[in-house]
Amino acid sequence: MERLEAFPTYYNDQRPHQGRACQNQPPSVAFPTLPRLPQLPDEVSPDRWLEAAHGRVYRRRVTSDGTIQVDRHTYAIGSAYAKQMVLVHLDAHQRCFHVTLEGKPLKQLPIRGLHGPSMAFWPYFRLICAEARTVELHHRLLWERRSKLP
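Treat the numbers as computed from the prediction; the structure is a model and nothing was measured.

Trainee: Help me understand the overall build of the protein chain, please; the structure alone is not making it clear to me.
Mentor: Counting secondary structure elements, the protein chain contains 4 helices and 8 strands. Along the protein chain, helices and strands appear, N-terminal first, in the series α-α-β-α-β-β-β-β-β-β-β-α. Here the C-alpha atoms of the protein chain give a radius of gyration of 23 Å, more than 25% beyond the 15 Å that 2.2 N^0.38 yields for 150 residues. C-alpha atoms of the protein chain, sized along the principal axes, occupy 65 × 45 × 30 Å. By the burial criterion, 21% of the 150 residues in the protein chain qualify as buried. Put simply, of all contacts in the protein chain between residues at least 6 apart along the chain, 44% involve residues at least 24 apart. Of the roughly 11,800 Å² that the protein chain leaves accessible, carbon and sulfur atoms contribute 55%.

Here it is, written out as structure tokens:
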């Protein structure tokens with residue numbers, strides 16, 4: 001534990017950093033005065049990403065059981081549309097996906113996994129860490145499944 005506590009001092013004040021910015025000097029010597037980072041907010045809007053993604057269109061193939069997947073959420077479209085390509089339009093204002101097939105409206109689906117208007121920062125931080133682990137596990141499983149294919 002003692003070594004762990006001493007590491008930041010070594011890393012910033014003693015260790016020559018070989019990157020271009022520090023020119024083989026310790027970071028505290030190369031940059032003796034750095035601007036202060038802004039404080040973390042007390043509350044965040046966990047669904048604010050919707051605004052930036054408004055109007056985005058995803059192309060998905062309907063599975064044999066009549067579903068599509070957007071991010072880690074599965075949405076029912078209907079088995080009548082199995083194996084067909086659909087477009088999924090994100091509507092941030094209505095908080096939904098508009099699904100179309102060949103330009104014709106098919107369904108309107110509420111976006112899953114939204115968290116509400118605001119939440120305290122640290123619970124949000126724990127939430128996104130857990131979501132990141134879930135996504136990483138999903139990607140790892142997909143990678144392993146692909147590597148086992150003949």
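Trainee: What's the story with the environment of R60 in this structure? I'm lost.
Mentor: Structurally, the position occupied by R60 is in strand 2 (residues 57-61). Taking the relative accessible area as the measure of exposure, R60 reaches 23% and is therefore partly exposed. Taking the C-alpha atoms as reference points, R60 and M85, 25 residues apart in sequence, are found 5.6 Å from one another. Excluding anything up to four places from it in sequence, R60 contacts I68, Q69, V70, D71, Q84, M85, V86 and V88. Polar side-chain contacts of R60 include one of 2.6 Å to the backbone oxygen of Q69.

Trainee: Any chance you could explain a nonpolar patch on the surface here in plain terms?
Mentor: The grouping of L40, W122, F125 and I128 at the surface amounts to a nonpolar patch, some 390 Å² of accessible area in total. Structurally, L40 is set in the loop between helix 2 (27-30) and strand 1 (43-44). On the accessibility criterion, L40 (51% relative accessible area) is exposed.

Trainee: Whenever I open this one, the nonpolar core confuses me. Can you help?
Mentor: Nonpolar side chains tend toward joint burial in soluble globular proteins. Core analysis: the largest hydrophobic core is formed by 17 residues, its most contacted members being I68, Y75, V86, V88, L90 and F97. Elements supplying a minimum of two residues to this core: helix 3 (49-53), strand 3 (67-70), strand 5 (85-91) and strand 6 (96-101). For L90, the contacting residues outside a window of four places in its chain are W49, L50, A53, H54, G55, R56, Y58, C96, F97 and I111.

Trainee: Help me understand the layout of surface pockets in this model?
Mentor: The gaps of empty space that remain are located by a probe, the size of a water molecule, rolled over the atoms. Of the volumes computed, that of the largest pocket is approximately 330 Å³. Lining the largest pocket we find 20 residues, and of these W49, D71, H73, G113 and E131 sit closest to its centre. Put simply, the parts of the chain that give the lining of the largest pocket at least two residues each are strand 4 (73-76) and helix 4 (121-147). The element contributing the most residues to the lining of the largest pocket is helix 4, with 4 residues.

Trainee: Explain the pairing of strand 7 (residues 104-110) to me, please; I cannot follow it from the model alone.
Mentor: Side chains on a regular strand alternate between the two faces of the sheet. As judged from the 6 bridges shared by strand 6 and strand 7, these two strands associate in the antiparallel manner. Note that in strand 7 the partner of F97 across the bridge is L109. Between strand 6 and strand 7, which pair antiparallel one after the other, the connecting turn spans 2 residues, and E102 there sits at a positive phi close to 50°.

Trainee: How do you make sense of unusual backbone geometry when you look at a structure like this?
Mentor: A negative phi angle is the norm for most residues apart from glycine, just as the trans form is the norm for most peptide bonds. Unusually for a residue other than glycine, N24 sits at a positive phi of about 65°. Residue placement: N24 occurs in the loop between helix 1 (2-14) and helix 2. Given the relative accessible area of 47%, N24 is considered partly exposed. A positive phi angle is found at E102, which is not glycine, with a value near 50°.

Basis of the calculations
Residues numbered from 1 in each chain as written. Predicted model: local features only at pLDDT ≥ 70, side-chain atom pairs only at ≥ 80, totals over all residues. Heavy atoms only, no water. Helix = DSSP H or I, 4+ residues; strand = E, 2+ residues; numbered from the N terminus. Rg over C-alpha atoms; globule rule 2.2 N^0.38 Å. Buried < 20%, exposed > 50% of the residue type's maximum accessible area, 1.4 Å probe, protein only. Contact = heavy atoms within 4.5 Å. Areas by Shrake-Rupley, 256 points an atom, 1.4 Å probe, with all protein chains shown as cover. Polar contact = N/O pair within 3.5 Å; in protein donor to acceptor, adjacent residues only side chain to side chain. Patch = residues over 30% accessible without salt bridge, like charges linked within 9 Å, V, L, I, M, F, W, Y side chains within 5 Å. Salt bridge = Lys/Arg side-chain N within 4 Å of Asp/Glu carboxyl O. Core = buried A, V, L, I, M, F, W, Y, C linked by side-chain atoms within 4.5 Å. 1 Å grid on protein atoms, 1.4 Å probe; cavity = no way out; pocket = protein on both sides within 12 Å on 5 of 7 lines; lining within 4 Å. Points joined across faces, edges and corners; volume = space filled by probe spheres on them. Pairing = 2+ DSSP bridges.

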